[in-house]
Structure formats: structure tokens, C-alpha cells
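Chains, contacts and geometry: an overview
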Amino acid sequence: ILKKLKKEGYNIDILVDNSQYFDQVIKRNDLLNHTMKKHNPDFAFPLDADEFVCSYSKGNPKKEIEKLKSDSIYLYRMENYMITGKEDEEELFIPKKMDKLRTSLEEKNHNYKCIIPNKIYQQGVFLEMGSHTARYNDPNKVTPIKTINSIFIAHYPVRSKFQLINKIITGRLN
């Protein structure tokens, strides 16, 4: 799919990792460094393929993102959606057929992801596990962090019964 999208003209970097050992923290930081050095974006949004940036106002999240300043790492909430159990396994993944399992606005311990401004990245930043936050490489330097409530991540961790079974088996084997 990615190769087809790239042929259609989308700006996609496809990186192949042939290493046998997988350390999520190292890999995410390698991807962050690659992206920042090659594309020089104003902000980096470390996302997984099953996560989508959305606006609470139901509008285009770009309008909210354009309001961000470059002086802090931003944290924004994740809203988790799950299959209802009533889906036809033959149907394609359709987010509208899913229910919100856990709304982070209602939780005491919120689940967040971070947004990293290039200005902060240039000062030496390290992504923590799962990109839920980041910090300066220098332990003596205080990392500026702000929480924003105008955008969120719609997270779809399980899209079918088959995928859930596969996750359980793979997780057990690991």
C-alpha cells in the first residue's frame, strides 16, 4: 500500500529495518531523527498507523495545530475505539462501526501522545516509550511540557476478531 501511495506522488519515506532485535524506544527515536533531519517540519507527530489526529470541535485539526507555538512539547489525549463484536468479519475497517472503549477525558490517568516542535527538537530531545512524552537529553535541563485539549488522537488498536486473537497469541509468545 505504501509503495502504491508513493507512486501516486505522496511524500512517503519507506525505511526497511532488517535487524533481528526490536527496541521500540530506539526505533521511534531513529524515525524522529530521520524525519526531522530530512524534512525539517515545524512539528513532529509520532503516531502509529492506527492513530489519527482529530479536533474536539469536529473541524479540521489543522486549524488547531496552526495555533501551537514552538516553546514546549505538547501532550494531547488519546481516545480509544474498539470493535463492538457485532461486525461482519468480511467487512472493511470502518471506524463508525466502532465504539469508544475508554474516553481519556473521563480517566484519572490520561493516556497521551506528544507533539515535538522542531525548535525543541534542535535542543536535543529523546522520545520516551510509546511516544507518550519526550524529554531533553540533558538531565539537568527542564523539559517544557504543555497539555492541549483542542485536539486528540482517535486510536483504533483492534480492527477485527482475527487481529485481536493474533495480538493475544503473539503477545503470549513474546
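Residues numbered from 1 in each chain as written. Predicted model: local features only at pLDDT ≥ 70, side-chain atom pairs only at ≥ 80, totals over all residues. Heavy atoms only, no water.

**Observations regarding the packing of aromatic side chains**
The geometry of two aromatic rings is summed up by the distance between their centres and the angle between their planes. Here is the rule we go by: A pair of Phe, Tyr and Trp rings is counted when the ring centres sit within 6.5 Å of each other, with Trp represented by its six-membered ring. The angle between the planes then sorts it: under 30 degrees is stacked, over 60 is edge-to-face, the rest tilted. In DSSP terms, a helix is any run of H or I states spanning at least four residues, a strand is any run of E spanning at least two, and both are numbered starting from the N terminus. Type-normalised accessible area, obtained with a 1.4 Å probe on protein chains alone, sets the label of each residue: buried when under 20%, exposed when over 50%, and partly exposed for intermediate values. Comment: the charge-over-ring label is applied if NZ (Lys) or CZ (Arg) is within 6 Å of the ring centre and within 35 degrees of the ring normal.
The full count for this structure, using the stated rule, is three aromatic pairs. Geometrically, the ring pair formed by phenylalanine 45 and tyrosine 76 is edge-to-face, given 6.3 Å between the ring centres and 90° between the ring planes. Linking phenylalanine 45 in the loop between β1 (43-44) and β2 (51-55) with tyrosine 76 in strand β3 (residues 73-83), this pair joins segments that are 31 residues apart in sequence. On the basis of relative accessible area, tyrosine 76 is assigned to the buried category, the value being 0%. Sitting above the plane of the tyrosine 136 ring, lysine 141 keeps its charged end 4.3 Å from the centroid.

**A short note on unusual backbone geometry**
Even without being a glycine, lysine 58 presents a positive backbone phi close to 70°. With respect to the helices and strands, lysine 58 occurs in the loop between β2 and α3 (61-65). The exposure class of lysine 58 is exposed, given its relative accessible area of 75%. A positive phi is found at serine 131, a non-glycine position, where the angle reads about 60°.

**What about the pairing of strand β9 (residues 151-155)?**
We count it as follows: Whether two strands pair depends on DSSP finding at least two bridges between them.
With five of five residues buried, β9 is to be regarded as a mostly interior element. Here β9 shows two buried faces, one formed by Ile151, Ile153 and His155 and the other by Phe152 and Ala154. In this sheet, β9 lies alongside β2 in antiparallel orientation, the contact comprising five bridges. By the bridge assignment for β9, phenylalanine 52 is matched with alanine 154. Direction of pairing for β3 relative to β9: parallel, over a ladder of three bridges. When the bridges of β9 are listed, glutamate 79 appears paired with alanine 154.

**A word on the side chain of serine 55**
Quick note on the threshold: Polar contact criterion, stated in full: a pair of N or O atoms within 3.5 Å, where within protein one must be able to donate a hydrogen and the other to accept it, and residues adjacent in sequence count only if both atoms are side-chain atoms. In this description, contact between two residues means that some pair of their heavy atoms is separated by no more than 4.5 Å.
Tracing the chain through its elements places serine 55 in strand β2. Note on serine 55: relative accessible area 5%, which makes it buried. Only 2.8 Å separates the side chain of serine 55 from the side chain of serine 57, close enough to count as a polar contact. Apart from residues lying up to four places away in sequence, serine 55 is in contact with Asn60, Pro61, Glu64, Ser150, Ile151 and Phe152.

**What to know about helix α2 (residues 24-39)**
Stated formally: What a helix should span is 1.5 Å times the count of its residues minus one.
For α2, with 16 residues, the first-to-last C-alpha span of 22 Å sits near the 22 Å given by 1.5 Å per residue. Those residues of α2 not exposed but buried are Val25, Lys27, Arg28, Asn29, Leu32 and Met36. Against β1, β5 (112-117), α4 (118-121) and β6 (125-127) lie the buried residues of α2. One side-chain oxygen at the N-terminal end of α2 lies 3.0 Å from the backbone nitrogen of valine 25; it belongs to aspartate 23. Where α2 ends, the next residue or the one after it, asparagine 40, has phi of about 50°, a positive value.

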